[in-house]
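# Working through the structure, step by step
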Amino acid sequence: MARSNRLLLGQASRALQDMKYEIAGELGITPPADGYWGFVSSYENGSIGGSITKRLVRYAQESLAQGDAGSP
């Protein structure tokens, strides 16, 4: 069981990373070439994080409205 959880967490982590880069592009924020986000301003990182949260909430609301409670 734990092994499949790690797989799901890895896939979720990868999906969030992809979403971060997608949203950064939409906001006009240039992602760092080396992948280190420490030099991006707090304001820009906060904008990206806030947009990710809004998008995840919207996905959850749409899923619940369709009657899918997230069960496999």
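Structure report, in brief. The shown structure was predicted, so the numbers you read here are calculated from the model rather than taken from an experiment. Along each chain, numbering runs from 1 in the same order as the chain's sequence is written. The predicted nature of this model means local features are confined to residues of pLDDT at least 70 and side-chain atom pairs, given and counted, to a pLDDT of 80 or more, with totals for whole chains, interfaces and linings taken over all residues. Heavy atoms throughout the structure, all of them, feed into the side-chain values; hydrogens and water do not.

Attention now goes to the nonpolar core. We call a set of buried residues a nonpolar core when its members are Ala, Val, Leu, Ile, Met, Phe, Trp, Tyr or Cys and they connect through side-chain atoms within 4.5 Å of each other. Only protein chains enter the accessibility calculation, which uses a 1.4 Å probe. A residue is then buried if its area is under 20% of the maximum for its type, exposed if over 50%, and partly exposed in between. By size, the foremost hydrophobic cluster in this structure holds 8 residues: Met19, Ile23, Ala24, Ile29, Trp37, Val40, Ile48 and Ile52. If one sorts the elements of this core by residue count, helix α1 (residues 2-26) sits on top with 3 residues. We call two residues contacting when some pair of their heavy atoms lies within 4.5 Å. Dropping the residues within four chain positions of it, Ala24 is found in contact with Ile29, Pro31, Trp37 and Ile48. For the purposes of this entry, the term helix denotes a DSSP run of H or I that reaches at least four residues, the term strand denotes a run of E that reaches at least two, and both are numbered from the N terminus.

As a further point, take the pattern of salt bridges. Just to be clear on terms, a salt bridge is a Lys or Arg side-chain nitrogen sitting within 4 Å of an Asp or Glu carboxyl oxygen. Taken as a whole, this structure holds 4 salt bridges when the rule is applied. Residue Asp18 pairs with Arg14 through a salt bridge whose shortest N-O separation is 3.4 Å. With Asp18 and Arg14 both in helix α1, this residue pair falls 4 residues apart, about one helical turn. Its salt-bridge partner being Arg58, residue Glu62 comes within 3.9 Å of it at the nearest N-O pair. Note that Glu62 and Arg58 are positioned in helix α2 (residues 42-65) at a spacing of 4 residues, about one turn of the helix. Salt bridges sharing common partners tie together Glu22, Glu26 and Arg55.

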